[in-house]
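This is what each chain is made of:
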Amino acid sequence: MNQIKFGTSGWRGIIGEEFTLERVRVVIQAIADYLTREGLREKGLIVGHDSRFMGEWYSKEAVKILSANGIKSYITSRETPTPVISYEILRRKAAGAINFTASHNPPEYNGIKFSPQWGGPALPETTKWIESRANELLGQVTFKESLSYEKIVKEKIVEVIDPSQNYIDKLKEKIDFKAIAASQIKIIIDPMYGTARGYIDRVLEEEGLKCKVIHDFRDPYFGGSAPDPMENNLKEMISWLKEEKKLLLGVATDGDGDRFGIVDRGGIFIIPNLILAIIYYYLLKNKGILGGVGRSYATTHLLDRIARKFNQPVYETPVGFKYIGELIANGKIVLGGEESAGLSIYGHVPEKDGILAALLVVEIVSKRGLSVIDLVKEVFQEVGPLYSDRKNFLITPEIKERFKEKLLNIPRSFGGLKVIDKKEIDGVKIYLEKDCWLLFRESGTEPVIRIYAEAESKDTLNVLLESAKKFIFGDE
Ligand code: VG1
Ligand code: CO
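Residues numbered from 1 in each chain as written. Chains lettered and ligands numbered in written order. Predicted model: local features only at pLDDT ≥ 70, side-chain atom pairs only at ≥ 80, totals over all residues. Heavy atoms only, no water.

A. Spotlight on the overall build of the chain. Scanning the chain from N- to C-terminus turns up 16 helices and 22 strands. Computed over the C-alpha atoms, the radius of gyration of the chain is 22 Å, within 12% of the 23 Å expected from 2.2 N^0.38 for a compact globule of 476 residues. Overall, the chain is about 65 × 60 × 40 Å in size when its C-alpha atoms are taken along their principal axes. The contacts of the chain with a sequence gap of at least 6 include a subset with a gap of at least 24, amounting to 69%. Entry remark: accessible area of the chain is about 19200 Å², with carbon and sulfur atoms responsible for 49%. Across the chain, 67 positive and 67 negative side-chain charges occur, with their mean positions spaced 2 Å apart. (Helix = DSSP H or I, 4+ residues; strand = E, 2+ residues; numbered from the N terminus. Rg over C-alpha atoms; globule rule 2.2 N^0.38 Å. Contact = heavy atoms within 4.5 Å. Areas by Shrake-Rupley, 256 points an atom, 1.4 Å probe, with all protein chains shown as cover. Lys, Arg positive; Asp, Glu negative; His and termini not counted. Charge placed at Lys NZ, Arg CZ, Asp CG, Glu CD.)

B. Spotlight on the coordination of the cobalt ion (ligand 2). At 1.9 to 2.1 Å from the cobalt ion (ligand 2) lie its protein donor atoms, namely Ser 103 (OG), Asp 254 (OD), Asp 256 (OD) and Asp 258 (OD). Between consecutive donors of the cobalt ion (ligand 2), the numbers of intervening residues give the motif S-x150-D-x1-D-x1-D. (Donors = N, O, S within 2.8 Å, 3.2 Å for Na, K, Ca; no water.)

C. Layout of the pattern of salt bridges. In the structure shown here, the tally under the stated rule is 40 salt bridges. Where Glu 316 meets Lys 423, a salt bridge forms, and the shortest distance between an N and an O atom there is 2.9 Å. Taken together, the positions of Glu 316 in strand E14 (residues 314-317) and Lys 423 in strand E19 (residues 417-423) put the pair 107 residues apart, joining distant regions of the chain. Put simply, Arg 390 and Glu 339 hold a salt bridge, and the shortest N to O gap is 3.3 Å. Here Arg 390 is found in strand E17 (residues 387-394), whereas its partner Glu 339 is found in the loop between strand E15 (333-338) and strand E16 (342-345), with 51 residues between them in sequence. For the pair formed by Arg 390 and Glu 339, the shared burial category is buried. When salt bridges that share partners are traced, they join Lys 172, Lys 178, Arg 202, Glu 206 and Glu 207 into one network. (Salt bridge = Lys/Arg side-chain N within 4 Å of Asp/Glu carboxyl O. Buried < 20%, exposed > 50% of the residue type's maximum accessible area, 1.4 Å probe, protein only.)

D. Local environment of the sheet that holds strand E10 (residues 249-253). Taking strand neighbours across the sheet as the criterion, the five strands line up as E9-E8-E10-E11-E12 in an open arrangement whose pairing is mixed. Both edges of this open sheet fall to strand E9 (212-213) and strand E12 (268-270), since each of them pairs with a single strand only. When strand E8 (residues 187-190) meets E10, the two strands line up parallel, connected through four bridges. Looking across to E10, one finds that Asp 190 is bridged to Ala 252. Running over the sheet, helix H9 (residues 235-243) touches E8, E9, E10, strand E11 (260-264) and E12 and is turned about 170 degrees from E10. (Pairing = 2+ DSSP bridges. Axes fitted to C-alpha atoms, helices over the stretch in contact; angles between N-to-C directions.)

E. Spatial organisation of the pairing of E8. By the alternation rule, side chains of E8 split into Ile 187 and Ile 189 and Ile 188 and Asp 190, which are all buried. One ladder, built from two bridges, connects E8 with E9; its direction is parallel. By the bridge assignment for E9, Ile 188 is matched with Lys 212. For the crossover that starts at E8, traverses helix H8 (residues 200-206) and ends in the parallel E9, the hand is right-handed. (Right-handed = clockwise from strand over helix to strand, strands pointing away.)

F. Looking closely at the sheet that holds strand E4 (residues 73-76). In spatial order, the strands read E1-E2-E6-E5-E3-E4-E7; together these seven strands make up an open sheet with mixed pairing. Edge positions in the sheet fall to strand E1 (6-7) and strand E7 (158-161), since each has one partner strand and no second. Across two bridges, E1 lies against strand E2 (residues 10-14) in antiparallel orientation. Opposite Gly 7, over in E2, you have Gly 10 as the bridge partner.

G. Local environment of the site of ligand 1. Taken together, 21 residues form the shell around ligand 1, and within it Thr 8, Lys 113, Ser 443, Gly 444 and Thr 445 come nearest. Here an oxygen atom of ligand 1 sits 2.6 Å away from a polar atom, N or O, in the main chain of Gly 444. Tallied by class, the residues present in the shell around ligand 1 amount to two nonpolar, nine polar and ten charged. (Near = heavy atom within 4 Å. Polar contact = N/O pair within 3.5 Å; in protein donor to acceptor, adjacent residues only side chain to side chain. Nonpolar A, V, L, I, M, F, W, Y, C, P; charged D, E, K, R; others polar.)

H. Structural view of the packing of helix H1 (residues 21-37) against helix H4 (residues 124-137). Their axes nearest at 8 Å, the elements H1 and H4 cross at an angle of 125 degrees. What the angle tells us is that H1 and H4 run oblique. Here H1 and H4 pass one another in a crossing that is right-handed. Counted together, Val 26, Val 27, Gln 29, Ala 30, Ile 31, Asp 33, Tyr 34 and Arg 37 of H1 and Thr 126, Trp 129, Ile 130, Arg 133, Ala 134 and Leu 137 of H4 form the full contact between these two elements. For the contact of H1 with H4, the class distribution of residues is nine nonpolar, two polar and three charged. (Parallel < 35°, antiparallel > 145°, perpendicular 65-115°, else oblique. Left-handed = near helix turned anticlockwise from the far one by under 90°.)

Right, dumping it as structure tokens:
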């Protein structure tokens, strides 16, 4: 059996294989030991879960273990998006939170995200400690029968909470709901059967806008695909937008509500990189909120171009929102983003928030009266076009070996473009002429390798991706 390992965001595994009750208990015990070591037992830990199978059951199991360790806890009364949990940590000044979630992974997965008291995803120095403690405990501890869940609730060692309203009130400070309601824009929302059900539609309705919602019930099978708001998984929303011309925008969120997916009028999916660019541009240009941008190593350089135009700094991080969350928590940036559809902004949670990102796009489209494509064109006119894409390849031990080997010897050019520089923060990023780049890395959440590329034209982008693929896999 594999060791317990925290990846890009949390520990994840296939249910019944890696994600088993014994291993869950051991991870919770390791987190309890961490909190004890940090002297945080009294502050209390928030425990939530997503819409996957038996989420509430795991939550109850976790609070029982915490209480046996003398740790107070707050258990959520229903599924709770990761950004909502993040806000609740800060609001309550809690010791942190765990959320039982495998985020955007397919239905056979579950997992645990741990966020410490600063509210963002735990950084490697924290997860490494928890991980090694958990592996030490594995097979070594037996969990004695603890007090029943009912008893610890009665004795107030555990408090049942619903953090949704406080989070929604906070959103009202960040989004111009008056402008959205005044426009009476018609939108469609797809929470993908996931945890963010009852957030975007609820707040818009409270503010006077009725919306169409699909996949608005809990389905642990996510309708047969992964709750990852990419084009392939949003077919139904896309066809609604194609057929119903009155619908001007579609917004989706992933399994745990921290990623967004945007579909423009006519059913055109817009990649997250472009959404990050229009939001950053809007904040700087239309809202006049000046400040830097934080982006992962794999994310579009359009953000750098926009920042340059407004004389603002750019912070480049490894992949994972934990690094960007830190920049937000320290007030260093106006916007932080990842190409995988992660975003948060100044004064908001140091965690990616798909609900916030979706509502920002609704605000921009309503206020500016433009389609998303036109907003992208505006940015391209201002800073020049950049096209990007990412390809995933399922990993086998053989491919993994080959991947590592290949990256030891980088050619002098890709697709006829000269290699100018190379960085190895997380995988290998190769800088080419004409502002193009390629990145090769192994995923920390799924069994795949990823190849990312960006170029000034769609043709060059395709040539680059082809040559990158050929470099790894040959002519197969
Ligand atoms: C992926 C994304 C990364 C994101 C992470 C967690 O990681 O690339 O940008 O922060 O998932 O997203 P990786 O290592 O698989 O490429 V979520 O929505 O699962 O918390
Ligand atoms: Co997620």
